[in-house]
Amino acid sequence: MEFMKKIEAIVREEEFDRVHKALKQMGIVPMTAYPVKGRGVQGGVPPYELMPKMKIEIVVKDEDVEKVVNVIIQNARRGIPGDGKIFILPVYEAIRIRTEERGNEALY
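This structure is a prediction, so every number in the text was calculated from the model and none was measured.

A few points about the pattern of salt bridges
A full pass over the atoms with the stated rule returns 12 salt bridges. Where Glu8 meets Lys6, a salt bridge forms, and the shortest distance between an N and an O atom there is 3.2 Å. Note on Glu8: relative accessible area 14%, which makes it buried. Across the pair Lys55 and Glu8 runs a salt bridge, and its minimum N-O distance is 3.4 Å. On the criterion of sequence distance, the pair formed by Lys55 in strand E3 (residues 51–61) and Glu8 in strand E1 (residues 4–12) is long-range, its members being 47 residues apart. Glu8 shares its class with Lys55; the two are buried. What you see here is one network of salt bridges that share partners, running through Lys6, Glu8, Lys55 and Glu57.

Some remarks on the side chain of Lys53
In this fold, Lys53 is placed in strand E3. At a separation of 2.5 Å, a polar atom in the side chain of Lys53 contacts the main-chain carbonyl oxygen of Gly82. Ignoring anything within four residues of it in the chain, the contact list for Lys53 reads Ile10, Val11, Arg12, Glu13, Tyr34, Pro35, Val36, Gly38 and Gly82.

Digging into unusual backbone geometry
In this model, Glu100 sits at a positive phi of 65 degrees, which is unusual for a non-glycine residue. Positionally, Glu100 belongs in the segment after strand E4 (84–91). Classification of Glu100 as exposed rests on a relative accessible area of 62%.

Rules and cut-offs
Residues numbered from 1 in each chain as written. Predicted model: local features only at pLDDT ≥ 70, side-chain atom pairs only at ≥ 80, totals over all residues. Heavy atoms only, no water. Salt bridge = Lys/Arg side-chain N within 4 Å of Asp/Glu carboxyl O. Buried < 20%, exposed > 50% of the residue type's maximum accessible area, 1.4 Å probe, protein only. Helix = DSSP H or I, 4+ residues; strand = E, 2+ residues; numbered from the N terminus. Polar contact = N/O pair within 3.5 Å; in protein donor to acceptor, adjacent residues only side chain to side chain. Contact = heavy atoms within 4.5 Å.

This is the structure:
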């Protein structure tokens, strides 16, 4: 069985282009990205409004997870509250509709 993971990263809007470019340079082109609003705990820092962020969703081969996570961290981190979060979830199947390829073959 082939293993895949979905990486969901929430990053600052202003850091998105740098993250996107770095992922593209490492060969991770297939992704979904869209604007979202949210906030973490940030130690009670006001104002308590939701902040604009970008959410990136990428499904990768299991062996690529750490490389992708490291690239996101290196290009999104400022070292201050609000830098974002990364979530990693298991993916049980991927199917490319056009060719019906399945698993890792359907990813990139």
